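Close look at the chain arrangement
Each chain, letter by letter, is given below.
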Amino acid sequence: MMDYTLIRSIRKTIGLQVKDGKIIVRAPLFVAKRTINAFVLKHEAWIKKQLAKCKAGENLPALTEQEKKALADQAHRVIPQRVAYYARLIGVDYGRVTIRMQKTRWGSCSSKGNLNFNCLLMLAPPEVLDSVVVHELCHRKHMNHSKAFYAEIERVMPDYKTRHSWLKKNGAALMRRAHQ
């Protein structure tokens, strides 16, 4: 049996989380320990996969302050150009473009049309950066994650799902490099 931290609370289902190389199980107050153990055992393959991702990210060196500054400078040069290019393709306007080093987000779009991007995107392949730009610009047409929103993304970028999956697979390791 794998070691895990158990957190009981008022909830209806058992949930699993792998964070910083540790397994966290959240369970309803009155679920039997054997039921929780069976749940963990059933999801052992998924847990091992998540733990491997954590390990892979640990091998990447932390970014120095100089490297962080260089990434921010590069992002200020590159990202606004990509935003302007894709905004024309999508047919939308936008407000301010802000570049930051965020801990959890790759990008966001405000209701006023201001766009925010994480400078760590400069560590990702260019096609992944473009997918985040397109995602945020499509929010100028649809401020939600509806079918229409994703249809608009795929109209502009038919391989969006492939690009986005790279970020899902590797993004956490990039974030850890900046926030260790």
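That block above? That's the structure.
Computed from a prediction, not measured in an experiment: that's the story for all the values here. (Residues numbered from 1 in each chain as written. Predicted model: local features only at pLDDT ≥ 70, side-chain atom pairs only at ≥ 80, totals over all residues. Heavy atoms only, no water.)

For the rest of this paragraph, the subject is the pattern of salt bridges. Throughout the structure, instances matching the rule amount to nine salt bridges. One salt bridge in this structure joins Asp73 and Lys69, with 3.1 Å as the shortest N-O distance. Placement of the pair is Asp73 and Lys69 together in helix α3 (residues 65–90), with a separation of four residues, close to one helical turn. (Salt bridge = Lys/Arg side-chain N within 4 Å of Asp/Glu carboxyl O. Helix = DSSP H or I, 4+ residues; strand = E, 2+ residues; numbered from the N terminus.)

Next up on the list: the sheet that holds strand β3 (residues 22–28). Two orientations exist for strands paired in a sheet by backbone hydrogen bonds: parallel and antiparallel. Here three strands make up an open sheet; going across it, the order is β1-β3-β2 and the pairing mixed. Each edge of the open sheet is held by one strand with a lone partner, namely β1 (5–9) and β2 (15–19). Averaged over all pairs of adjacent strands, the angle between strand axes in this sheet comes to 25°, irrespective of strand direction. Pairing of β1 with β3 involves five bridges; the strand directions are parallel. Paired with Arg8 across the two strands is Ala27, which belongs to β3. In the packing of helix α1 (residues 33–42) onto the sheet, contacts are made with β1, β2 and β3, and the angle to β1 comes to roughly 125°. (Pairing = 2+ DSSP bridges. Axes fitted to C-alpha atoms, helices over the stretch in contact; angles between N-to-C directions. Contact = heavy atoms within 4.5 Å.)

Here we take up the packing of helix α4 (residues 126–138) against helix α5 (residues 147–156). At a minimum axis distance of 9 Å, the contact between α4 and α5 shows a crossing angle of 135°. Compared by their axis directions, α4 and α5 come out oblique. Both α4 and α5 take part in a crossing whose hand is right-handed. In this structure, α4 uses Val134, His135 and Cys138 to contact α5, whose residues at the interface are Phe149, Tyr150, Glu152, Ile153 and Val156. When grouped by side-chain class, the residues that make up the contact of α4 with α5 number six nonpolar, one polar and one charged. (Parallel < 35°, antiparallel > 145°, perpendicular 65-115°, else oblique. Left-handed = near helix turned anticlockwise from the far one by under 90°. Nonpolar A, V, L, I, M, F, W, Y, C, P; charged D, E, K, R; others polar.)

To describe two helices that pack against each other, one gives the angle between their axes and the distance between the axes. Two elements in contact, α4 and helix α6 (residues 160–178), have axes separated by 9 Å at closest approach and are oriented at 110°. Of the possible angle classes, the one that applies to α4 and α6 is roughly perpendicular. Two secondary-structure elements touch here, α4 through Glu127, Val128, Asp130, Ser131, Val132 and His135 and α6 through Tyr160, Arg163, His164, Trp166 and Leu167. Grouping the constituent residues of the contact of α4 with α6 by class yields five nonpolar, three polar and three charged.

Scope: geometric values only; no functional claims are made or implied.
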